[in-house]
Amino acid sequence: MVLLSCVALLCFKSVCTEAQAPTDNSSEIQALRSELRKIEARLDELETAQKPSANPATAQPPVGEGIGHEGMRGMEPAGAPVGQEPMGKDSMDRGAAITVDIPHVPEMKIRGFGDVRAYLANQNLAVITNSPASPTPASQGGNSTFALGIMDLFITSQISRKFSYLTEMGFEADPASNGIGVDLERAQVTYLANRNLSITMGRSHAMLGYYNTAFHHGTWFQTTIDRPRFVEFEDSGGPLPIHNVGVTAMKKFSNDKLGLHVFGEVGNGKQTYSLFAGATPANVLADHTGKSTNIGAYVRPQRFTGFQAGFNWYQAALVPTQVAGAAPYYHQNIYYAHVVYIRPSFEFMAEDGEIGDTARGSTKPQYTSGGFAQVSKVFGSYRPFVRYSWMNPNFGDPNNAWVGRWVGPESGVRWDINTFIALKAEFDHYDWRNFSDDPTGNQVLPILHKTVNGAGLQLAYTF
């Protein structure tokens, strides 16, 4: 009450003084400001004195806090201001009758990647881009098209000093229906036991060679328009198990001058692969009990910055169905090697793999081989590149016959318009072989043989 009277008196004095001496009031203003600062300081002292004791031994919790916290989840403590959130928690459905409190997590970071492209070929695009996930009848295609590439959201969060999260969500067009679908490409949690050992669980990119671990779904990352045919994604016609749903462990030997890294993976393995089955990894239910394994190692010598060489062995069981004459069970072995030398202005990559599928009761594997060699050099904002790719399937193997033969060179240039946008131009020449299409888009005999020449443009960007 005294403080309010003081404030009123000061205000009245200010008005009277202003009316009596309108010409020079600077000294009066300074005095009033000094008095106001004293009043504010006294107000702070009184408010502090009215707060409950901060000593945990003497402070009393608000009514309702004494009940078990789990039983009160989602309810506001009695006496707490409406909308106030418990320290260290985030609340969902704020404003509803019942709220759900979740632990507070660090800031989630989101980056986006996308592209749009144009392509022209001397063959029907619906035939040469056919894949088991999106069979497109030849009657629905032409020799040229504009196309939306994948719109990829790359989301990360450093949950704690030891745990981190990463996910990729892709918005991608289906060439068969021209509709847009959403794919959860990666969703993984990584535990960093120490600076040399990490364990990752969830859906991740399998550690097959270098390309599949360095370049993901955003095409802005890679020099060329598309991935090499042999390391193409499963639903785009690739034969390799590009994704893994399971556990990955990585060990680095920091004191080793060779820069030795060893790793191991266990997962559900590939779903049934056949001429008619969709090519997708097992996200929930594997189609058999056996699990896939992948072990390998690579070196990064300290004396040769940018150099990496490695090898890995992948094995899994396959149970193809709906294919006449196919064995009920196949054992698959994949042997994969890579050598790369990556510098800011120079890029060299070479990878080669052999996929061997052995039917039950047989001792003779059916091999599908593939790989690529790529080199590029930077000249200012331009990066010309050349790549030679090869993929030779065994057309008698129902697990990989559908991928087709792709052998030939690609050349082009990438122009980085700025830090976030790149324009790529590319010319491809392939010796191509694959099955024919029936009216519904299924791949059937006989085998077609074509020479495919194509030119493409792509505008890739990150945001």
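Data block above holds the structure.
The shown structure was predicted, so the numbers you read here are calculated from the model rather than taken from an experiment.

A.B. asks: Explain the pairing of strand E18 (residues 421-437) to me, and be specific about the residues and the numbers.
C.D. replies: On a regular strand, one side chain projects to one face of the sheet and the next to the other, so that they alternate. As paired elements, strand E17 (residues 405-416) and E18 share 10 bridges and run antiparallel to each other. When the bridges of E18 are listed, Val-413 appears paired with Ala-425. Between E17 and E18, which pair antiparallel in sequence order, lie four residues. The sheet contact formed by E18 and strand E19 (residues 443-462) spans 17 bridges and is antiparallel. Looking at the pairing, Asp-431 lines up with Thr-451 of E19.

A.B. asks: Give me the lowdown on the pattern of salt bridges, citing residues and values where you can.
C.D. replies: Evaluated as defined, the whole model comprises six salt bridges. Notably, a salt bridge pairs Glu-168 with Arg-186, separated by 2.7 Å at the nearest N-O pair. Residue Glu-168 is located in strand E6 (residues 163-173), and its partner Arg-186 is located in strand E7 (residues 180-194); the two are separated by 18 residues in the primary sequence. The same class applies to Glu-168 and to Arg-186, which are both buried.

A.B. asks: Please provide a residue-by-residue account of the environment of His-205, values included.
C.D. replies: Examined against the element boundaries, His-205 turns out to sit in strand E8 (residues 197-205). Separated by 11 residues in the primary sequence, His-205 and His-216 have C-alpha atoms spaced 8.1 Å apart. The residues touching His-205, leaving out its near neighbours within four places in the chain, are Glu-168, Arg-186, Asn-212, Phe-215, His-216, His-217, Phe-233, Ile-242, His-243 and Glu-265. For His-205, the side chain forms a polar contact with the side chain of His-216, separated by 2.8 Å.

A.B. asks: Summarise the packing of aromatic side chains; cite the residues concerned and give the values.
C.D. replies: Enumeration over the complete set of coordinates arrives at 16 aromatic pairs. A centroid spacing of 5.7 Å and a plane angle of 70° characterise the contact between Trp-220 and Phe-221, whose relative ring orientation is edge-to-face. Assessed through its relative accessible area of 19%, Trp-220 is described here as buried. Relative to Tyr-336, the ring of Phe-230 has its centre 6.2 Å away and its plane inclined at 0°; by these criteria the two rings are stacked. In this pair, Phe-230 is assigned in the loop between helix H4 (211-214) and strand E9 (243-252) and Tyr-336 in strand E13 (residues 330-343), connecting sequence segments 106 residues apart. Residue class for Phe-230 comes out buried when judged on its relative accessible area of 1%. Through a chain of ring-to-ring contacts, three or more aromatic side chains come together here, namely Tyr-210, Tyr-211, Phe-215 and Phe-372. In this arrangement the basic side chain of Arg-227 is found over the ring face of Phe-233, its NZ or CZ atom lying 4.1 Å from the centre. Here the basic side chain of Lys-377 rests over the ring of Phe-379, its NZ or CZ set 5.1 Å away from the ring centre.

Here is what the cut-offs are and how they apply
Residues numbered from 1 in each chain as written. Predicted model: local features only at pLDDT ≥ 70, side-chain atom pairs only at ≥ 80, totals over all residues. Heavy atoms only, no water. Pairing = 2+ DSSP bridges. Helix = DSSP H or I, 4+ residues; strand = E, 2+ residues; numbered from the N terminus. Salt bridge = Lys/Arg side-chain N within 4 Å of Asp/Glu carboxyl O. Buried < 20%, exposed > 50% of the residue type's maximum accessible area, 1.4 Å probe, protein only. Contact = heavy atoms within 4.5 Å. Polar contact = N/O pair within 3.5 Å; in protein donor to acceptor, adjacent residues only side chain to side chain. Phe/Tyr/Trp six-rings, centres within 6.5 Å; stacked < 30°, edge-to-face > 60°. Lys NZ or Arg CZ within 6 Å of the ring centre and 35° of its normal.

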